[in-house]
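# Examining the three-dimensional arrangement
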Amino acid sequence: MSACKPPLTLIDTKPKLSDNSSTPYEDPSHCRSIAWALQYLTFVRPDITYAVQQVCLFMHDLREEHMHALKRIVCYIQCTLDHGLHLYPSSVSTLISYTDADWGVCADTIHSTSG
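Owing to the predicted nature of the structure, the values given are computational and were not obtained by experimental measurement.

## Focus: the overall build of the chain
Helix and strand counts for the chain come out as three helices and two strands. Listing every helix and strand of the chain by position from the N terminus yields α-α-α-β-β. Considering the chain as a whole, with its 115 residues, one finds that 27% of them fall into the buried category. Sequence-distant contacts in the chain: of pairs separated by 6 or more residues, those separated by 24 or more amount to 74%. Working note: accessible area of the chain is about 8100 Å², and carbon and sulfur atoms make up 60% of it.

## Let's talk about the packing of helix 1 (residues 28-41) against helix 3 (residues 64-79)
At a minimum axis separation of 10 Å, helix 1 and helix 3 run at an interaxial angle of 40 degrees. By the criterion of interaxial angle, the relationship of helix 1 to helix 3 is oblique. Taken as a pair, helix 1 and helix 3 cross one another with a handedness that is left-handed. Residues H30, C31, I34, A35, L38 and L41 of helix 1 form the contact with helix 3, whose own contacting residues are M67, L70, I73, V74 and I77.

## Section: the pattern of salt bridges
This model, assessed by the stated rule, comprises two salt bridges. Measuring nitrogen to oxygen at the nearest pair gives 3.1 Å for the salt bridge that ties R45 to D47. Overall, the relative accessible area of 4% leaves R45 in the buried class. On the basis of relative accessibility, which here comes to 34%, the residue D47 falls in the partly exposed class. Across the pair D61 and R63 runs a salt bridge whose closest N-O atoms are separated by 3.0 Å.

## Overview of the side chain of H66
Summarising the element assignment, H66 is placed in helix 3. Within polar-contact distance, the side chain of H66 engages the backbone nitrogen of R63 at 2.8 Å.

## Thoughts on the packing of aromatic side chains
Between two aromatic rings, the relevant description is the distance of the centres plus the angle of the planes. This structure, assessed with the given rule, holds one aromatic pair. Centre to centre, the rings of Y40 and F43 are 6.0 Å apart; their planes meet at 80 degrees, and the pair counts as edge-to-face. Look at Y40 and you get exposed, because its relative accessible area is 65%. Judged by relative accessible area, which is 62%, F43 ranks as exposed.

## Some remarks on helix 3
Between its first and last C-alpha, helix 3 extends 23 Å over 16 residues, near the 22 Å set by a 1.5 Å rise per residue. For helix 3, the full list of buried residues reads E65, H66, M67, A69, L70, I73, C75, Y76 and I77. Considering only its buried residues, helix 3 is in contact with helix 1 and helix 2 (49-56).

## Description of the confidence of the model for the chain
Here the chain averages 80 in pLDDT, and 78% of its residues register 70 or above. Considering each helix and strand of the chain separately, the mean pLDDT is smallest for strand 2 (residues 113-114), with a value of 62, and largest for helix 1, with 89.

## Description of the nonpolar core
In terms of nonpolar packing, the biggest core is built from 18 residues, with L70 and I73 touching the most fellow members. Looking at this core, the elements that each hand over two or more residues are helix 1, helix 2 and helix 3. Ignoring anything within four residues of it in the chain, the contact list for L70 reads C31, I34, A35, L38 and V55.

About the criteria used
Along each chain, numbering runs from 1 in the same order as the chain's sequence is written. Local features in a predicted model are, by the rule used here, given only for residues with pLDDT of at least 70; side-chain atom pairs are given and counted only at 80 or more, and totals for whole chains, interfaces and linings are based on all residues. Water and hydrogen atoms play no part in the side-chain values, which are based on all heavy atoms of the structure. Starting at the N terminus, helices and strands are each numbered in turn, a helix being any DSSP run of H or I of at least four residues and a strand any DSSP run of E of at least two. For the exposure calls, accessible area comes from a 1.4 Å probe over protein chains only, and a residue counts as buried if that area is under 20% of its type's maximum, exposed if over 50%, partly exposed in between. A contact between two residues is defined here by any heavy atoms of the two lying within 4.5 Å. To be clear on the numbers: accessible area is Shrake-Rupley with a 1.4 Å probe, and residue cover counts the displayed protein chains and nothing else. Here an angle of 0 to 180 degrees is reported between the N-to-C directions of two axes, which are lines fitted to C-alpha atoms, with helices fitted over the stretch in contact. When describing relative orientation, an angle under 35 degrees is termed roughly parallel and one over 145 degrees roughly antiparallel, while 65 to 115 degrees is termed roughly perpendicular and anything else oblique. Take the far helix as your reference; a near helix turned counterclockwise from it by less than a right angle gives a left-handed crossing, and one turned clockwise gives a right-handed crossing. When a carboxyl oxygen of Asp or Glu is within 4 Å of a side-chain nitrogen of Lys or Arg, the pair counts as a salt bridge. Here a polar contact means two N or O atoms within 3.5 Å. Within protein one must be a hydrogen donor candidate and the other an acceptor candidate, and residues neighboring in sequence count only if both atoms are side-chain atoms. A pair of aromatic rings is counted whenever rings of Phe, Tyr or Trp (Trp by its six-membered ring) have centres within 6.5 Å, and the orientation is called stacked for planes under 30 degrees apart, edge-to-face for over 60 and tilted otherwise. Expected helix span is given by 1.5 Å per residue-to-residue step, counting one fewer step than there are residues. Looking at any residue, its pLDDT shows the predictor's confidence there, from 0 to 100. Residue types Ala, Val, Leu, Ile, Met, Phe, Trp, Tyr and Cys, when buried and joined through side-chain atoms within 4.5 Å, form a set referred to as a nonpolar core.

Next comes the structure, spelled out in structure tokens:
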């Protein structure tokens with residue numbers, strides 16, 4: 001994927017990922033290992049957190065479309081290697097956090113997701 005074309009967006013904005021929209025992926029352990037590595041990478045690349053979380057919702061039954069989503073994330077990372085958080089020691093002792101929710105977005109369960 002070192003010579004991949006950069007995607008316009010990190011995730012496909014039109015269709016939502018689903019449990020049963022394509023054929024099962026032939027090597028789910030390979031797909032899971034990529035997803036786990038991407039989960040680890042979200043510590044320094046928060047821009048990929050939502051996309052990785054959306055794919056990880058389907059680790060129990062991986063499909064071809066989930067692998068395509070993972071490949072899109074990897075291609076995005078390859079094309080944006082200079083992005084990320086640089087962590088340094090700090091004297092600040094307070095933490096402020098923000099969250100967002102997307103109500104009823106899951107096409108299979110109609111549950112909300114947050115990120």
